[in-house]
Amino acid sequence: MTGYILKRLISAIPVLFGITVIVFLIMAMIPGDPATAILGSYATPENVEKLNRDLGLDQPLVARYFIWLGNMLQGDFGRSFALNRPVLDEVLDRFSATLILAGTSFVLCAVFGIAAGVVSAARQYGFADKAITFAVLLGISIPSFFLGMMMILIFAVNLKWLPVSGMYAIYGGGDLPDLFWHLLMPALALAVVATGVVARLSRSAMLEVLRQDFIRTARAKGVNERRVVWRHALKAAMVSIIPVLGIQAGFVLSGAVYIEMVFQWPGVGRMLVDAILKRDILLVQGGVVFVAACYVLFNIAVDVAQSLLDPRIKT
Amino acid sequence: MKKFFQLLIRNRLAAAGGVALSIVVLLALLTPILPLQEPNVTNTANRFVKPFSEGHLLGTDHLGRDMLSRLLWGTRLSLAVGFAAAIFAAFFGAAIGIVAGYFGGRTDNIIMRGVDMLMAFPYILLALAIVAALGPGLVNALIAVAAVNVPFFARNIRGVTVGIAHKEFVDAARLAGLSNTRIILTEILPNVIPVIVIAMSTTIGWMILETAGLSFLGLGSQPPQADLGSMLGEARSALITNPHTSVVPGVMILIIVMGINLLGDGVRDALDPRLRSGALTRPMAATVVERESQPPAAHAEGVLTMTDLETQFHVGERVYKAVNKVSLNVAPGECLGVIGESGSGKSVTALSVMGLVASPPGVIVGGSVRYKDAELIGMKYGRLRELRGDRVAYIFQDPLATLHPLYKVGDQLVEAIQVHHKVGRAEAWKRAVDLLKQVRIPNAESRAESYPHEMSGGMRQRVGIAMSLANDPDVIIADEPTTALDVTVQAQILSLLNDLRRERGLAIIFITHDFGVVAQLCDRVAVMYAGRIVEEGPTQAVLDAPAHPYTKRLIACVPELGEGRRRLEAIPGLPPAVDRLDPGCAFAPRCLKKEAACVTREIELARVGGRAVRCLYPETDLKEAAE
């Protein structure tokens, strides 16, 4: 198993490398002179030239890439000029908030999505199936940012059950229960679409598995139906559900940006949007590379989970 | 095509989605000629007018602009942008996918590596990066959303193209000297277009959502121009005081995306042939029983007795009579062979006993199956489940498919024991290993730790047999257990079953299509054809002097070792479909002795002593044979 994990980690290196190339090339597409873009059209030529030198922009493209990459490998993601602080510090601060939000949403979407899919398949064409199918359809059709706004309106403004926004109460907050109450709405709003997708796929994966011969064998053994569905069928269905969970992890991680805007959550998505509007290129570059790299590593964890589940995968 | 639309219309949800979507699209198209107020004319004196007010059906926003007008113009923009993004993504994605799939080799490798790399990004993050580079703006948002969807199209289309690129008609075109460009345009593209359209229909909803999302973040359409996303974004600051400015565009996005999703699902369902035949339904815990009359009295003694068993498959309007009034019985220590071609109903008969026929579409409509004194047909599920595997156990064909692929064989045996006996895991594991030893699996202790895919076919079949023995049942129903095995392994398995039957007094019902196997193992044999028993009797008597022409021909199919002089005969023709059986003998169309009387009325199964035949002109007169 250790060997397999190591092998997957090594195979991730070219992917991580490719990610930095893609991000760098996208940023290099910025039309015109980045320094002018940063300083505005009233900047003096001396200032522009100085900034270009500071940013290493007077070098050719390839050299610039390797300088950037080399610095990143040493933990130096550059300096955000808008915030005047190291990019990595800012990204790490913000990423922890995103991780709490997206992580919670991911757990919610996995648990409820799979459960809904299994119940739906086991009661195919029954009332539960129809209700779940309709809820799923609604869930995958509603924009998360609109859902979040409506939740604020209902649960925070009208019912006053939950705080409107933010991660902690401004006065006297900061403990775990405080975080929990602030987290509830954004995590749910973010999880809804992913839950729908997972439920849909789980349903069809379960239907596919429940027709297999080994399910008939379990029934012929006298295994009760609940165990047939939740153990025999679900375990086999997980083989096709787990990769989708990996995709949904990427979805909640990046889709968090909308929820962070709606709920004023101090996460990396909001940071990126601010950085884009301020043309804080290094912060955008660093943030995107960091989040994408985390996602690649998470997908390795998904592969490992898959190999633990399925003995047929060669490790 | 007509059928496709019928299916689509019959799907009421899809139709509703289609109607809602058509209305929205129509409104969006008509927006410029509708008598609307100017969408961008501000009137700050009239800020936040509530909906349903005079002159402003949906009220006004924070700058006093008419919401209805802005909504329709915004919808128009959102639809156009989403559609354009889908077209762009489909065009570039398909181009990349076709090139990669058609040329293959290194081109394919390099392109797909790049595609994989792009797919390693969380989707929205990549769109944000692109917008960051190009700068905020609706066109840039469109480009970003289209670009992040290109890999999805490329991968899908490549897969399809690879499948087509080596078909005969493409090779023919190549041999005819057509250029690659022409082959792609005239041979490949027409075959790929349906896939492109389906992929578009499933992603266009996403693209509308994503562009709206970018606009919502302030990275898409810039004021005063507004699509639905930026309307929501602008309304956010007034969410608490004037929620209608948020609700109006939000609900519109919901309607559009939901309409697209409903319609898309309907289209997919209508196109997917698997759904059409109803094959994607999952079988229920036990076969449905719809028996109108009282169960008939048992026709004979035995530990397991079937009397006039009728099992059908109901598929749409069609009724397949898979098992048509079958009566069989088996005594303790006896082995009954049930033989027939594929589709003769022998497996369905076997599965009907414990309610294991997949339902839907299977329905048991009549007859009785008695285990000792208990009627199994129509028995409560809880009781039936207790008997399954405990008193009546099954051995199935092809144990690679019938054993759970993700559990160790030892655990599968342990489960079989623990379902019916309250024993601890360690004790059950010991018994499981014992069972493996009983079926002569070498190194049983370590083999119990194996997964099914790690074993050979013969070993797996032994595991299947061990599992059926787990609770010392009275009856074992073996459904072609040796069909997937080679001859030497088959002989071993048969002698194993024979020993077990002798030692334990098991009753075995052995389903097979091979008379050679029947001769080795079975005391009695029943021959099935088109859902009916056509002949029954002691194995040796039937083999020596078959009475039914079908039996005789079936025996002639078995090659004889060392003889070689007899002609091996296949039976021309196929068994009939059991959904429209003509009256009379179902074998008549393939029978050499067919007379007019054979197909005019039902022919009874005539019993004489231990033998029975369903034929007007039997090969052997049973009365004479009996004397």
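Residues numbered from 1 in each chain as written. Chains lettered and ligands numbered in written order. Predicted model: local features only at pLDDT ≥ 70, side-chain atom pairs only at ≥ 80, totals over all residues. Heavy atoms only, no water.

Student: Explain unusual backbone geometry to me, please; I cannot follow it from the model alone.
Tutor: Generally, phi is negative for residues other than glycine and the peptide bonds are trans, each holding for most cases. All names here are of chain B. The amide bond that connects Ser 359 to the next residue, Pro 360, takes the cis arrangement and shows omega of -5 degrees. For Pro 360, the location among the structural elements is in the loop between helix H12 (346-353) and strand S5 (362-371). Across the junction of Pro 360 and Pro 361, the peptide omega takes the value 10 degrees, indicating a cis bond. Within the secondary structure layout, Pro 361 lies in the loop between H12 and S5. With a phi close to 55 degrees, Lys 325 is a non-glycine residue in the positive phi region. Within the fold, Lys 325 resides in strand S3 (residues 318-330). Residue classification places Lys 325 among the partly exposed residues on the basis of a relative accessible area of 43%. Even without glycine at this site, Asn 443 takes up a positive phi of about 50 degrees. (Helix = DSSP H or I, 4+ residues; strand = E, 2+ residues; numbered from the N terminus. Buried < 20%, exposed > 50% of the residue type's maximum accessible area, 1.4 Å probe, protein only.)

Student: Just checking my understanding: could you explain the interface of chain A and chain B for this structure?
Tutor: The extent of an interface is frequently quoted as the accessible surface area lost upon association of the parts. Taken together, the 78 residues of chain A in the interface contact 75 residues of chain B. For the chain A and chain B pair, buried surface summed over both sides reaches about 6900 Å², with 73% attributable to carbon and sulfur atoms. The tally of links between chain A and chain B comes to 3 salt bridges. Residue Arg227(A) is joined to Glu415(B) by a salt bridge in which the shortest nitrogen-to-oxygen separation is 2.6 Å. (Contact = heavy atoms within 4.5 Å. Buried area = accessible area lost by both parts, 1.4 Å probe. Salt bridge = Lys/Arg side-chain N within 4 Å of Asp/Glu carboxyl O.)

Student: Mind showing me how you'd approach the packing of helix H2 (residues 12-30) of chain B against helix H3 (residues 67-103) of chain B here?
Tutor: In helix packing, the relevant descriptors are the interaxial angle and the interaxial distance, both defined with respect to the helix axes. Residue and element names in this part refer to chain B. At their nearest, the axes of H2 and H3 sit 9 Å apart, and the two run at 105 degrees to each other. As far as their axial angle goes, H3 and H2 are roughly perpendicular. On H3, the residues that touch Val 24, Val 25, Leu 27, Ala 28 and Leu 29 of H2 are Leu 72, Thr 75, Arg 76 and Leu 79. Among the residues forming the contact of H2 with H3, the class breakdown is 7 nonpolar, 1 polar and 1 charged. (Axes fitted to C-alpha atoms, helices over the stretch in contact; angles between N-to-C directions. Parallel < 35°, antiparallel > 145°, perpendicular 65-115°, else oblique. Nonpolar A, V, L, I, M, F, W, Y, C, P; charged D, E, K, R; others polar.)

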